[in-house]
Amino acid sequence: MAAFSLMSFLLLLCYHLLSAPFPISLEASTPSPLQLEADALQQSGWWSGRNISQHCQWKTSIICDASGSIIDIFVDWALPAGSTLHNLNFSSLPNLVSLYIFNSTLDRNMLHGTIPSEMGNFTNLFWLSLSQNMLMGTIPSTLYRLPVLSVLDISGNRLSGVIPPEIGNITNLRTLSLGDNNLTGLFPLEIKSLYRLEQIYVQNNALMGLIPSSVFQLTNLKELNLASNSFSGSIPSEITRSLQFLNASCNMLTGSIPFNLFDLISYHYWLQIDLSHNSFNGPIPSMSMGSRELHGVTMNLSYNKLTGSIPVFLIHFQHIDLSYNSLDGPLSNQFLHHFGVDVVLGNENLCGNHSQLRSCASHNHTVHKLFKILLPSLILFILFVVCFTLYCSRKSKNTTHVTEVDSHGNVFSLWNYDGKIAYQDIIDATEDFDIKYCIGTGGFGSVYRATLPIGKVVALKKLHSSEAAKWETLTKSFQNEIEMLKEIRHKNILKLLGYCLHKRCMFLIYEYMESGSLFWVLSNDTEAEELKWNRRLNVINRVAQALSYLHHDCTMPILHRDVTTNNILLDSNLDAFLSDFGVARFLDVESSNHTVVRGTYGYIAPELAYTTVVTEKCDVYSFGVVALETIIGKHPRELLNNLWSKTTPNVAIKELLDIRLRSPLTQNGVAQRIVVALTLAFACLHPNPTARPTMQHVSRQLLVPRPGLEISFNEVLVEQILRQEIYQVHMTSE
């Protein structure tokens, strides 16, 4: 009986325990994965003062997928003192695809400590950039196990140790950036396994030994920077034809320069090679280029031990530096006029018609002998040359460079025009800048149309009086910037013809563009109909090439900072020219480029809302707006508000096209070109500047032939273009 009662009691107890509700719900106590992600942001302390619950709407620093899970993190602001990567709980971010933490200036708090080994658990990580911080220690081996990693950028830190052979396991890698660290040892042979590599940057380390020949044979490699290490040996003769940028300066390389390095000229319009400060010897390889233009080729071979004469074809390069070698022979006047004498200084056996070079006749005994033997013929030849020179001098009288400086320090300079043209001629031509000659007004000045006494029509950009009032302060800065602008030579950039510094006014003299600005053409129905699809696509191409030149082909990169349809001018053939570049930089010398944001509302990159550091990616964003505006026919304000968000408009791209033009389907190949242009434009508008392509990449991709569309053009959606499901143009092989 007692046993039965005990059994009854236990059964009743079990019943109550099972049926009674638990005081604490286990389900409610477990945070959701999305909550864990938000908690990780909160606990890091990097986003203090912001509403963490709204992190998916920040766009410029956090990007989420359709489910609300974090896939991209972008940080480029000052972090709390002592911040490390360990502040962020990466285990709570399982879907992370892109991580970018960049601090570039010394007055910011940078990330300290080491790179957490836990980062090797992010199997979805596609982009990892931790550049320009103060990270120390070795690179954790776990990073070399990331299966889909495409970009690894940990440059500009204090990382030490060797580059281990396990790096060959990241077979999806396209960009490897380890420069500006303290890495030592040999360059690993296993790099040959990374057959998708397009860029390798290991400059400014302490790497040594031979450069593996397999590096130069990676078939997709475009850019290789080995500068400022201790590499020795020679450059292999087998070099991939895809290579377009090579910097191996400041090493201990020896041997001759391989012919195949010069052979790259045959495959690329743009090519930059720097082998300076090494011990290369022997002659410069010679080759026949015919009449091919090589204005995109620059080469620095200075401070080596090169011998022999200077090949004739080098005259076609955009820039060449051969200084401080052992080259000999005569230099043509054409070479000296094109490059100047500085590029050959330090070659004692060179001669030419320049005060800093020996006279070829004075140090060449053979020339002396021939001179005596052929004296009669030479006299006749000299007389002919003198007469011809006098004739040419008379013919070129109207193409001189005129600079006038009066007693008050006023400067008027006009290149390639008659010497009689002066400041007063400009005043007379515009009737002292009468309003009837004004053809446009901008933030810094007004533009006037003027006819010079020789009949040439020019455009004058007169600075506003508030700026001209700073005349004495501006003079030096203005002239320095003018010297820079004079050197810019590109077929798609408006040519500067001269300038005036006068206490009454300051103005720039440009070529006159008959059709006005792209903005004006697009806003005028009659003119817009004349700017047909092929012409609009050509406008986009030309602007891309101009910006690529400014960013990548100038001796010092130039940022435009105000790329708009107002600053793109069209000539009588509706060919496009980029104008007004660089002007904002010297208009306010009392301000720093680092602290003053210039630009036009609607074209300014979104990152300038929280940082004042202007980079070339700001120009890239502005170009994206211009490209869309050219295709749509008006500023894409509404579309910009919805791009790269959960509310991306799921509409057909045909709905975006300018309705004033006929369907592109009626023209062969135009539909494909529009899709490519839109794809690149959307890539340029990415909220994360590091995810935007370079203008060099854009300009090249616009010229790549594309296959026909696999679906009807009328069925292509904006979302498909945004995700590059039609054509791959960004972060892919060219």
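Residues numbered from 1 in each chain as written. Predicted model: local features only at pLDDT ≥ 70, side-chain atom pairs only at ≥ 80, totals over all residues. Heavy atoms only, no water.

A.B. asks: I would appreciate a short explanation of the overall build of the protein chain in the present structure.
C.D. replies: Across its full length, the protein chain carries 20 helices and 32 strands. Buried residues in the protein chain amount to 51% of all 734 residues. Long-range pairs, those at least 24 residues apart, make up 57% of the contacts in the protein chain between residues at least 6 apart in sequence. (Helix = DSSP H or I, 4+ residues; strand = E, 2+ residues; numbered from the N terminus. Buried < 20%, exposed > 50% of the residue type's maximum accessible area, 1.4 Å probe, protein only. Contact = heavy atoms within 4.5 Å.)

A.B. asks: Looking at this structure, how should I read the state of the cysteines?
C.D. replies: Under the defined criterion, the tally for this structure stands at 2 disulfides. With a sulfur-sulfur separation of 2.0 Å, C56 is cross-linked through a disulfide to C64. Across the S-S bond linking C56 and C64, the dihedral sits near -90 degrees, which makes this disulfide left-handed. The class for C56 is partly exposed, based on a relative accessible area of 24%. Accessibility expressed as a relative area gives 13% for C64, which makes it buried. Sequence-ordered numbering of the bonded cysteines in the protein chain yields a pairing of 1-2, 3-4. (Disulfide = S-S within 2.5 Å.)

A.B. asks: Is there a simple way to think about the sheet that holds strand β11 (residues 206-210) in this case?
C.D. replies: Through backbone hydrogen bonds, the strands of a sheet pair up, either in parallel or in antiparallel fashion. Strand order across the open sheet formed by 10 strands is β5-β7-β9-β11-β13-β15-β17-β19-β21-β22, with parallel pairing between neighbours. The sheet is open, and its two edges are formed by β5 (136-137) and β22 (349-351), each paired on a single side. Pairing of strand β15 (residues 252-255) with strand β17 (residues 279-282), which is carried by 2 bridges, proceeds in the parallel orientation. Following the sheet pairing, T254 is matched in β17 by S279. (Pairing = 2+ DSSP bridges.)

A.B. asks: How do you make sense of the side chain of R692 when you look at a structure like this?
C.D. replies: Looking at the element boundaries, R692 is found in the loop between α18 (670-684) and α19 (695-701). With a relative accessible area of 2%, R692 lands in the buried category. Within the structure, R692 has its side chain in polar contact with the backbone oxygen of K617 (distance 2.8 Å). Engagement of the side chain of R692 in a polar contact is seen with the backbone oxygen of H686, the distance being 2.7 Å. (Polar contact = N/O pair within 3.5 Å; in protein donor to acceptor, adjacent residues only side chain to side chain.)

A.B. asks: Just to check I follow, could you spell out the sheet that holds strand β32 (residues 576-578) for this structure?
C.D. replies: Overall, antiparallel pairing links the 3 strands, which are arranged β30-β31-β32 in an open sheet. Each edge of the sheet is formed by a strand with only one pairing partner; in this case those strands are β30 (516-517) and β32. When β30 meets strand β31 (residues 568-570), the two strands line up antiparallel, connected through 2 bridges. Looking at β31, one finds that S517 is bridged to L569. On top of the sheet, helix α14 (residues 533-553) reaches β31 and β32; it is set at about 30 degrees to β32, its chief contact. (Axes fitted to C-alpha atoms, helices over the stretch in contact; angles between N-to-C directions.)

A.B. asks: Looking at this model, I keep getting lost on unusual backbone geometry. Mind explaining?
C.D. replies: With the exception of glycine, most residues fall at negative phi, and the peptide bonds are largely trans. Here Y324, not a glycine, exhibits a phi torsion of approximately 55 degrees, which is positive. With respect to the element layout, Y324 can be found in the loop between β20 (317-321) and β21 (326-330). Classification of Y324 as partly exposed rests on a relative accessible area of 41%. The backbone of Q724 shows a phi angle near 55 degrees, a positive value even though the residue is not glycine. Mapped onto the elements of the fold, Q724 is located in the segment after α20 (718-722).

A.B. asks: Looking at this structure, how should I read the pattern of salt bridges?
C.D. replies: It is possible for side chains of opposite charge to pair when their charged atoms get near one another. The final tally for this structure, using the stated rule, is 8 salt bridges. A salt bridge links E431 to K436; the nearest nitrogen and oxygen atoms lie 3.1 Å apart. When the shortest N-O distance is used, the salt bridge between D658 and R536 registers 2.9 Å. With D658 in the loop between α17 (637-642) and α18 and R536 in helix α14, the pair connects residues that are 122 residues apart, well separated along the chain. Given the relative accessible area of 5%, D658 is considered buried. Salt bridges sharing common partners tie together D525, R536, D658 and R660. (Salt bridge = Lys/Arg side-chain N within 4 Å of Asp/Glu carboxyl O.)

A.B. asks: When you look at helix α16 (residues 616-632) in this model, what are you seeing that I'm missing?
C.D. replies: In an α-helix, one turn spans 3.6 residues; hence positions three or four apart end up facing the same way. The end-to-end C-alpha distance of α16 is 25 Å, a good match for the 24 Å that 17 residues give at a rise of 1.5 Å each. Counting buried residues in α16 gives 16 out of 17 residues, a clear majority hidden from the surface. (Expected span 1.5 Å × (residues − 1).)

A.B. asks: Explain the pairing of strand β28 (residues 496-501) to me, please; I cannot follow it from the model alone.
C.D. replies: Sheet faces and side chains relate simply in a regular strand, where the side chains alternate between the two faces. Most of β28 sits inside the fold, with 6 of its 6 residues counted as buried. Looking at chain direction, β28 and strand β29 (residues 506-511) are connected through 5 bridges and run antiparallel. Note that in β29 the partner of L501 across the bridge is M506.

A.B. asks: Hey, could you run me through the side chain of S276 in this one?
C.D. replies: For S276, the location among the structural elements is in the loop between β16 (271-274) and β17. Discounting chain neighbours no more than four positions away, the residues touching S276 are S249, C250, N300, L301, S302, Y303 and N304.

A.B. asks: I'm lost on the packing of aromatic side chains in this one. Help?
C.D. replies: How two aromatic rings sit relative to each other is given by the distance of their centres and the angle of their planes. The full count for this structure, using the stated rule, is 11 aromatic pairs. Centre to centre, the rings of F433 and Y448 are 5.0 Å apart; their planes meet at 70 degrees, and the pair counts as edge-to-face. Of this pair, F433 sits in the loop between α9 (423-429) and β25 (438-441) while Y448 sits in strand β26 (residues 445-451), and the two are 15 residues apart along the sequence. Its end group placed over the ring of W533, R536 keeps NZ or CZ at 5.7 Å from the ring centre. (Phe/Tyr/Trp six-rings, centres within 6.5 Å; stacked < 30°, edge-to-face > 60°. Lys NZ or Arg CZ within 6 Å of the ring centre and 35° of its normal.)

A.B. asks: Please clarify how the packing of α16 against α18 should be interpreted in this entry.
C.D. replies: Two numbers describe how α16 lies on α18: the axes approach to 8 Å, and their chain directions differ by 145 degrees. As α16 runs across α18, the sense of the crossing is left-handed. Along the contact surface, α16 presents V620, Y621, F623, G624, A627, L628 and I631, while α18 presents I674, A677, L678, A681, F682 and C684. For the contact of α16 with α18, the class distribution of residues is 12 nonpolar, 1 polar and no charged. (Left-handed = near helix turned anticlockwise from the far one by under 90°. Nonpolar A, V, L, I, M, F, W, Y, C, P; charged D, E, K, R; others polar.)

A.B. asks: Just checking my understanding: could you explain the packing of α14 against α16 for this structure?
C.D. replies: When two helices pack together, you describe them by how their axes are tilted relative to each other and by the distance separating the axes. Relative to each other, α14 and α16 sit at 175 degrees, their axes nearing to 10 Å. On the basis of the axis angle, α14 is roughly antiparallel to α16. Residues W533, R536, I540, V543, A544, L547 and H551 of α14 touch α16, and the partners they reach there are E616, D619, F623, A627, T630 and I631. Among the residues making up the contact of α14 with α16, the classes are represented as 8 nonpolar, 2 polar and 3 charged. (Parallel < 35°, antiparallel > 145°, perpendicular 65-115°, else oblique.)

A.B. asks: Help me understand the confidence of the model for the protein chain, please; the structure alone is not making it clear to me.
C.D. replies: Caution is warranted with low-pLDDT regions, since their predicted coordinates should not be read in detail. When the pLDDT values of the protein chain are averaged, the result is 80; 78% of them are 70 or greater. Overall, residues 391-400 carries pLDDT values under 50, and its contacts beyond four positions in sequence, including any with other chains, amount to 10 contacts. In this model residues 582-596 is a low-confidence stretch, pLDDT under 50, and it forms 37 contacts with partners more than four residues away in sequence or in other chains. (pLDDT = per-residue confidence, 0-100.)

A.B. asks: Would you mind showing me how to read the pairing of β21 here?
C.D. replies: Burial of the side chains of β21 is restricted to one face: L327 and G329 are buried, whereas none of S326, D328 and P330 on the reverse face is. Sheet analysis places strand β19 (residues 305-308) next to β21, joined by 2 bridges and oriented parallel. Its bridge partner being in β21, T307 is matched across the sheet by S326. Of the strand pairs in this sheet, β21 and β22 are connected by 3 bridges, and their pairing is parallel. Bridged to D328 within β22 is N349. Assessed by its sense of winding, the connection that carries the chain from β21 through helix α5 (residues 333-339) to β22 is right-handed. (Right-handed = clockwise from strand over helix to strand, strands pointing away.)

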